[in-house]
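Now for the letters of each chain:
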Amino acid sequence: MSAKTKKQPRPKARLPRGFTDRTAADIRATDEMMGRIRAVFERYGFDPVETPAFEYTDALGKFLPDQDRPNEGVFSLQDDDEQWMSLRYDLTAPLARHVAQNINRIALPYRTYRAGWVFRNEKPGPGRFRQFMQFDADTVGAPGVQADAEMAMMMADTMEALGIKRGDYVIRVNNRKVLDGVMEAIGLGGEDNAGRRLTVLRAIDKLDRLGIEGVRELLGEGRCDESGDFTPGAGLDRKQIDRILSIIAAARIHKEPDGSKKSQNTVDFLLERFSDTKLGLEGLRELGAIGALVEASDYASDRIIVDPSVVRGLEYYTGPVYEAELLFDVVNEKGETVQFGSVGGGGRYDGLVKRFTGQDVPATGFSIGVSRLMSALKNLGKLGTDEVVAPVLVTVMDGDTEALGRYQQMTQKLREAGIRAEMYQGNWKKFGNQLRYADRRGCPIAIIQGSDERAAGKIQIKDMIEGRKEAAAIESNEEYRAARPGQIEIDQDDLVAEVMKLLAAQAGG
RNA sequence: GCGGGCGUAGCUCAGUUGGUUAGAGCGCUGGAUUGUGGCUCCAGAGGUCGGUGGUUCGAAUCCACCCGCUCGUACCA
């Protein structure tokens, strides 16, 4: 036996991990969601703009393309001119590139939105994919906190446009300057401590999952998880830890529902204790201004609140940061309760355009995790309830060209009347298979015309839904096959009218 | 990265103390029941037993290493 006759191994039908196929229901649900989000953004006066999935790697971030791969975390490849290109990992960095490149043509402040797939080359997990969709809005060239306040309000409106009730979500607002100020005050300022500051921020970011005690461990010596793995901490002493914990606890202290003053109370509380650095004071004043702005439009207390524990994407944010959080529990397919937490967030990134142009172009924006939010909404029953009706199936009794032409003509007539319709394309010789197909596909109606009906100028139309009910009572096979449940005979000239009538009756009942 | 669990047909799994051509159910395809969804019956396709090396007369089974999946943890501009 030569190698030629040896069977070649077949490729395995499998997806790269962290990627997923989208079903018809997912696609339709996403389209519906995106339509609602878009309507809100348009109403706020934002215009769409789109950038491609690939960017030159240096435009995305901070990398040196002189290694085998520019950076973990992004998918990169080398173009035929040996330049490194990467798939975008968010929509903000490409927007900064677009604005920098077209700065002379764009009227600032530039209010813009876009949706698109982003890619992260990271280890995936449940609900975490390596390709997912984001929907972003940004205001570029707006230095004032009113732009940040408006973003938070638009996020709130978007949540409600998606059917999430007030009280089922909250927009939390913080300011990076506040935490930076505190860290400066406890001796973590300066270049030397950049690494420790990052460790501190990461520890705070885990508050939701690990609780206050877990964060305390991570701020100190470190934490040992249940698998025995040890995470080194920031190595702060007790006084420093208490100082940081007291600020992130401030939001909880002011959780009593005493109405619209909540955010102002939090800010006042923080001003009393944490205004010992210039940076921190500036941050708190900005937070106070945002609180006053959202309160003026009546978004305070139950929709947008100040919360000093919000950290967000650490690298490029320079001022206010905000995060949309779902407050209800979601039960997944396995019946487990999942806390969805953050479904979107953003903040001010004053330095991103400057990377390209050297000029200050302050900007603020946010991103909605469409895929994540969709699975939450799906579980909540807010989407996919009104299903698309499957097509009417025109069955095939005779497979010669002339007969096929007649069936095709019926199908076209239905389509011309605006009815979803298809002619059976499988093995027509097994009529049972045709109805089985119609059944599984969820077809509402099957159209049947054999030689008997044709000779009489008739057509049988079968109500698949009614037929299923009637068939359930039948036991013997002979009877079952003879019964033709749910079926009526009509004049073939009345096909379209009768189908429309039946569809309307099904939709009504 | 680190730690735990798991790899046999498209899916869910069985496979004796190591023993001959590796099985089942579901699904798929074709057929029977005059031209009707469920039911029943017949037939068929589908497997480098995750990979490589070793022990052995003989390995899906035992050993080593590797790979993959999965859960936790870390990372996530």
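Residues numbered from 1 in each chain as written. Chains lettered and ligands numbered in written order. Predicted model: local features only at pLDDT ≥ 70, side-chain atom pairs only at ≥ 80, totals over all residues. Heavy atoms only, no water.

1. Things to note about the confidence of the model for chain A
Test applied: pLDDT: the predictor's confidence for each residue, scored from 0 to 100. Note on contacts: a residue pair qualifies if any of its non-hydrogen atoms lie within 4.5 Å across the two residues.
In the predicted model, chain A carries a mean pLDDT of 85, and the fraction of residues at 70 or more is 88%. This model gives residues 1–7 a pLDDT under 50, and the stretch forms 0 contacts once residues within four places in sequence are excluded. When the criterion is pLDDT under 50, residues 63–68 qualifies, and its contacts beyond four places in sequence or with other chains add up to 8 contacts. What the predictor reports for the complex is a pTM of 0.86 with an ipTM of 0.81.

2. Some remarks on the packing of helix α6 (residues 194–205) against helix α7 (residues 207–219)
Just so we agree on the cut-off: Fitted lines through C-alpha atoms give the axes, limited to the stretch in contact for helices. The angle between two N-to-C directions lies from 0 to 180 degrees. Per the convention used, a helix needs a DSSP run of H or I reaching at least four residues, while a strand needs a run of E reaching at least two, with both numbered from the N terminus. Just so you know the grouping, Ala, Val, Leu, Ile, Met, Phe, Trp, Tyr, Cys and Pro go in nonpolar, Asp, Glu, Lys and Arg go in charged, and all remaining residues, Gly too, go in polar.
Packing of α6 against α7 leaves a shortest axis separation of 7 Å and a crossing angle of 145°. For the pair formed by α6 and α7, the contact residues are V200, A203, I204 and D205 on the first element and L207, V215, L218 and L219 on the second. When grouped by side-chain class, the residues that make up the contact of α6 with α7 number 7 nonpolar, no polar and 1 charged.

3. Considerations on the pattern of salt bridges
For clarity, the cut-off: The salt bridge definition used is simple: a Lys or Arg side-chain nitrogen within 4 Å of an Asp or Glu carboxyl oxygen. Here's how the labels work: a residue is buried when its accessible area is under 20% of the maximum for its type, exposed when over 50%, partly exposed in between, all with a 1.4 Å probe on protein chains only.
With the rule as written, the count across this model stands at 25 salt bridges. For R97, the salt bridge is made with E55, and the minimal N-O distance between the two is 2.5 Å. One end of the pair, R97, is in helix α3 (residues 92–101); the other, E55, is in strand β2 (residues 54–56), and 42 residues separate them in sequence. The exposure class assigned to R97 is buried, which follows from its relative accessible area of 17%. On the basis of relative accessibility, which here comes to 5%, the residue E55 falls in the buried class. A salt bridge links D439 to R468; its shortest N-O distance comes to 3.0 Å. Placement of D439 in helix α15 (residues 431–441) and of R468 in helix α17 (residues 464–471) is noted, with a sequence separation of 29 residues between them. Overlapping salt bridges bring together R114, D136 and D138 as one network.

4. Looking at the packing of aromatic side chains
Applied cut-off: When two rings of Phe, Tyr or Trp (its six-membered ring) have centres within 6.5 Å they constitute a pair, described as stacked for plane angles under 30 degrees, edge-to-face for angles over 60, and tilted for the intermediate range.
Enumeration according to the criterion identifies 6 aromatic pairs in this entry. When the centroid spacing of 5.3 Å and the interplanar angle of 90° are considered together, the rings of F41 and F135 count as edge-to-face. In this pair, F41 is assigned in helix α1 (residues 24–43) and F135 in strand β6 (residues 131–140), connecting sequence segments 94 residues apart. Each ring, one from Y113 and one from F135, has its centre 6.0 Å from the other, and the planes form 25°; the classification is stacked. Of this pair, Y113 sits in strand β5 (residues 110–119) while F135 sits in strand β6, placing them 22 residues apart in sequence. Among the aromatic side chains, those forming a connected cluster through ring pairs are F41, Y113, F135 and F366.

5. Here we look at the environment of A203
When you line up the elements, A203 lands in helix α6. Along the chain, A203 and I448 lie 245 residues apart, while their C-alpha atoms are 67 Å from each other. In this view, A203 contacts V215, L218 and L219; residues no more than four positions away in its chain are not counted.

6. Some points on α3
Counting buried positions along α3 gives 9 out of 10 residues, so the element sits mostly inside the fold. Of the positions making up α3, those classed as buried are T92, A93, P94, L95, A96, R97, H98, V99 and A100. Buried residues along α3 sit in contact with β2, α2 (57–60), β5, β6 and α12 (354–357).

7. Section: the side chain of N121
Short version of the rule: For this analysis, a polar contact is any N or O atom pair within 3.5 Å, provided that within protein one partner can donate a hydrogen and the other can accept it, and provided that sequence-adjacent residues contribute only side-chain to side-chain pairs.
Take N121: it is sitting in the loop between β5 and β6. Residue N121 is classed as buried on the basis of its relative accessible area, which comes to 19%. A polar contact is formed between the side chain of N121 and the side chain of R130, at a distance of 3.0 Å.

8. Points about the nonpolar core
Put simply, the test is: Only buried Ala, Val, Leu, Ile, Met, Phe, Trp, Tyr and Cys residues count toward a nonpolar core, and they belong to the same one when joined by side-chain atoms within 4.5 Å.
Grouped together as the largest cluster of nonpolar side chains are 74 residues, with contacts concentrated most on F41 and L373. The residues touching L373, leaving out its near neighbours within four places in the chain, are M33, M159, L162, I164, L326, V343 and I368. Core analysis: the second largest hydrophobic core is formed by 24 residues, A421, Y424, A446 and L495 among them.

9. Observations regarding the sheet that holds strand β3 (residues 76–78)
Let me state the cut-off plainly: Strands pair, by our definition, only if DSSP identifies at least two bridges between them.
A sheet is described by the order of its strands in space; here 3 strands give the open sequence β2-β4-β3, paired in antiparallel fashion. In this open sheet, the two edge strands, each paired with only one partner strand, are β2 and β3. Geometrically, the sheet is characterised by an average inter-axis angle of 30° between neighbouring strands, direction not taken into account. Of the pairings in the sheet, the one linking β3 to strand β4 (residues 84–87) comprises 3 bridges and is antiparallel in character.

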